[in-house]
Amino acid sequence: MTESKAVWNRKHLLGLEELSAPEIGTILDTADSFKEVSTRSIKKVPALRGRVVVNAFWEDSTRTRTSFQLAAQRLSADTIDFSEKGSSVSKGETLIDTARNIEAMGTDVIVIRHPAAGSAHLLARSVRSCVINAGDGAHEHPTQGLLDLYTIRERFGKIEGLKVAIVGDIAHSRVARSNVWGLTKMGAQVILVGPATMVGKSFEAMGAKVTNDLDSIIGQVDVINMLRVQFERIKSSQFPSVREFTRMYGLTWDRFQRCKKDVFVMHPGPMNRGIEISSDIADGPQSGILTQVTNGLAVRMAVLYLVTQTQGA
Amino acid sequence: MHKVFDKREVKSAIDRLAERVAGEFVPGRPLNVIGIRTRGETLAGRLAETLSSRGFDQIGRGVLDITLYRDDLSEIGPRPLVRPTQINLELDGRPMLLVDDVLFTGRSIRAALDALADFGRPSVIRLAVLVDRRGGRELPIQADFVGLELLDVQADQRVNVHLVENDGVDEVRVENSVASPTGTRNDPRAAQP
């Protein structure tokens, strides 16, 4: 056994696109250690004592926001919650002005979710704090990608060589993009599945396969990650009717029977039960959905820890 | 860079350590032996083995990773990967032997004591180290059991303990600190946005 060194020298986590496989591996290995912290009777370590973490969310979120908050608290950081509603954003303050004003109070990390793609990158160029992207438009959601990778690795003991299907509205999904970057870098094969209006051939440039026919690949995959049907877009012409979507792309009981015996079912939440995934599968023994949430905490602790330990952070 | 203690000297030092530890605790009663990652874990294993052969039949083994408790993270160059702490033991009211490879500034031990406080309240904690590097203590911490003493190590040198299980050989070396390729304070990549 040798002492492994962390491969990490970044002050920000903006996306998985720019990370190398060893960097992703470092986050996953570090998350392993942080998972142990949550099993202690005192679920807290002093690594970020005296640091301030701001959750700046310009979009609704339950899981991600709570998860980041608890992760920061388990590292003994102080946390501030900032949301668009009830803030000066509604008075017309720009993103950068708002962030600089929050930072002027002495923050160390800004966790940002924003509807505009690239907002986390913009912020990282404008502030001194570490910036963690918690979802920017349809661009990336790196911590979700990482917790999916972690959960897959935990289940199979590896990522390399697995076949992973991601199903649904790929084009509008930051979860899908982060997953494709992460999975392909770690050596998995990714198949993106959805109606032609929701998954363009352009994704093949990212190293994924693209198909419109779920049934043609369902028996081959080790992991099936069902994306949420985004009802906010359902009225657009890109979306078929809900019934048609479920019939073509939903993980129904009938389809589940045609999967590999040990297929692992994932969903980033929130679920639309009975639409993209049937309840008895979501709550069944092959579902990793709640494990994903549990692992998300450890992964976010790891990310908060790593970015703040980088020199100059 | 030079070797200061060879495998024979290291072995007899570990034997002496075990001897003294055995004299301090009561055979047949519980004793927790906790090693600090990474070399302390190995040393703790060897001590526990010797103790078992001398009638200590209730030894609890654990491993402590102190990375998250350090106050000198920014000064130790390339960061070690944080690894899990494994203490699934009853600590309360039982004696504990804490084991590390080198005692120098005392900050690792301070971090270890902080970490242990989150797991329980041993009746007593004793510290065993293979090498006591004298003259650099930054905290009022001393070891109860010392295998080897080093008095004349320069400030810019490092004392490295190598053990068969980790490094293929038992020896203690004094080496010049070298900048690591994976990032130090002077690494320009550290300033990346």
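Treat the numbers as computed from the prediction; the structure is a model and nothing was measured.

1. Quick word on the pattern of salt bridges
Part 1 of the reasoning: Summed over the entire model, instances satisfying the criterion amount to 29 salt bridges over all chains.
Part 2 of the reasoning: Between Asp32(A) and Arg153(A) there is a salt bridge, with the nearest N and O atoms lying 3.3 Å from each other. One end of the pair, Asp32(A), is in helix H1 (residues 21-37); the other, Arg153(A), is in helix H5 (residues 142-156), with 121 residues separating them in the sequence.
Part 3 of the reasoning: Asp114(B) serves as the salt-bridge partner of Arg110(B), at 2.3 Å between the closest nitrogen and oxygen. Placement of both Arg110(B) and Asp114(B) in helix H3 (residues 107-117) is noted, with a separation of 4 residues, approximately one turn of the helix.
Part 4 of the reasoning: Overlapping salt bridges, with partners in common, bring together Asp215(A), Asp254(A), Arg255(A) and Arg258(A) in one network.

2. Let's talk about the nonpolar core
Part 1 of the reasoning: Counting residues in hydrophobic clusters, the biggest one holds 86 residues, and the most contacted among them are Phe34(A), Leu146(A), Ile166(A), Leu192(A) and Leu304(A).
Part 2 of the reasoning: Here this core takes 10 residues from helix H11 (residues 289-309) of chain A, the largest share from any one element.
Part 3 of the reasoning: Counting only domains with at least three residues in this core, you end up with domain 1 (21-140 + 293-309) and domain 2 (142-288) of chain A.
Part 4 of the reasoning: Counting residues in hydrophobic clusters, the runner-up holds 31 residues, among them Ala13(B), Leu51(B), Leu97(B) and Val172(B).

3. What about the environment of Arg255(A)?
Residues and elements named next belong to chain A.
Part 1 of the reasoning: Position of Arg255 relative to the elements: it lies in helix H9 (residues 253-257).
Part 2 of the reasoning: With 36 residues separating them along the chain, Arg255 and Gly219 place their C-alpha atoms 9.1 Å apart.
Part 3 of the reasoning: Those residues in contact with Arg255, other than ones at most four positions away along the chain, are Leu214, Asp215, Ile218, Thr246, Arg247, Met248, Tyr249 and Gly250.
Part 4 of the reasoning: One polar contact links Arg255 to Asp215, side chain to side chain, over a distance of 2.8 Å.
Part 5 of the reasoning: One polar contact links the side chain of Arg255 to the main-chain carbonyl oxygen of Gly250, over a distance of 2.7 Å.

4. Structural notes on the sheet that holds strand E4 (residues 130-136) of chain A
All names here are of chain A.
Part 1 of the reasoning: Read from one edge to the other, the open sheet built from 4 strands follows the order E2-E1-E3-E4, with strand pairing classed as parallel. Two strands bound the open sheet, and with one partner strand each, they are strand E2 (78-83) and E4. Across the sheet, the mean angle from the axis of one strand to that of its neighbour is 15 degrees, orientation sign disregarded.
Part 2 of the reasoning: Pairing between strand E3 (residues 109-114) and E4: 5 bridges, direction parallel. By the bridge assignment for E4, His114 is matched with Asp136.

5. Topic: the pairing of strand E3 (residues 59-64) of chain B
All names here are of chain B.
Part 1 of the reasoning: Here 6 bridges tie strand E2 (residues 31-36) to E3, and the two strands are oriented parallel to one another. When the sheet's bridge partners are listed, Val33 is paired in E3 with Arg61.
Part 2 of the reasoning: Running through helix H2 (residues 39-52), the crossover from E2 to the neighbouring parallel element E3 is right-handed.

Reading guide: rules and limits
- Residues numbered from 1 in each chain as written.
- Chains lettered and ligands numbered in written order.
- Predicted model: local features only at pLDDT ≥ 70, side-chain atom pairs only at ≥ 80, totals over all residues.
- Heavy atoms only, no water.
- Salt bridge = Lys/Arg side-chain N within 4 Å of Asp/Glu carboxyl O.
- Helix = DSSP H or I, 4+ residues; strand = E, 2+ residues; numbered from the N terminus.
- Core = buried A, V, L, I, M, F, W, Y, C linked by side-chain atoms within 4.5 Å.
- Buried < 20%, exposed > 50% of the residue type's maximum accessible area, 1.4 Å probe, protein only.
- Domains from an automatic or database assignment.
- Contact = heavy atoms within 4.5 Å.
- Polar contact = N/O pair within 3.5 Å; in protein donor to acceptor, adjacent residues only side chain to side chain.
- Pairing = 2+ DSSP bridges.
- Axes fitted to C-alpha atoms, helices over the stretch in contact; angles between N-to-C directions.
- Right-handed = clockwise from strand over helix to strand, strands pointing away.

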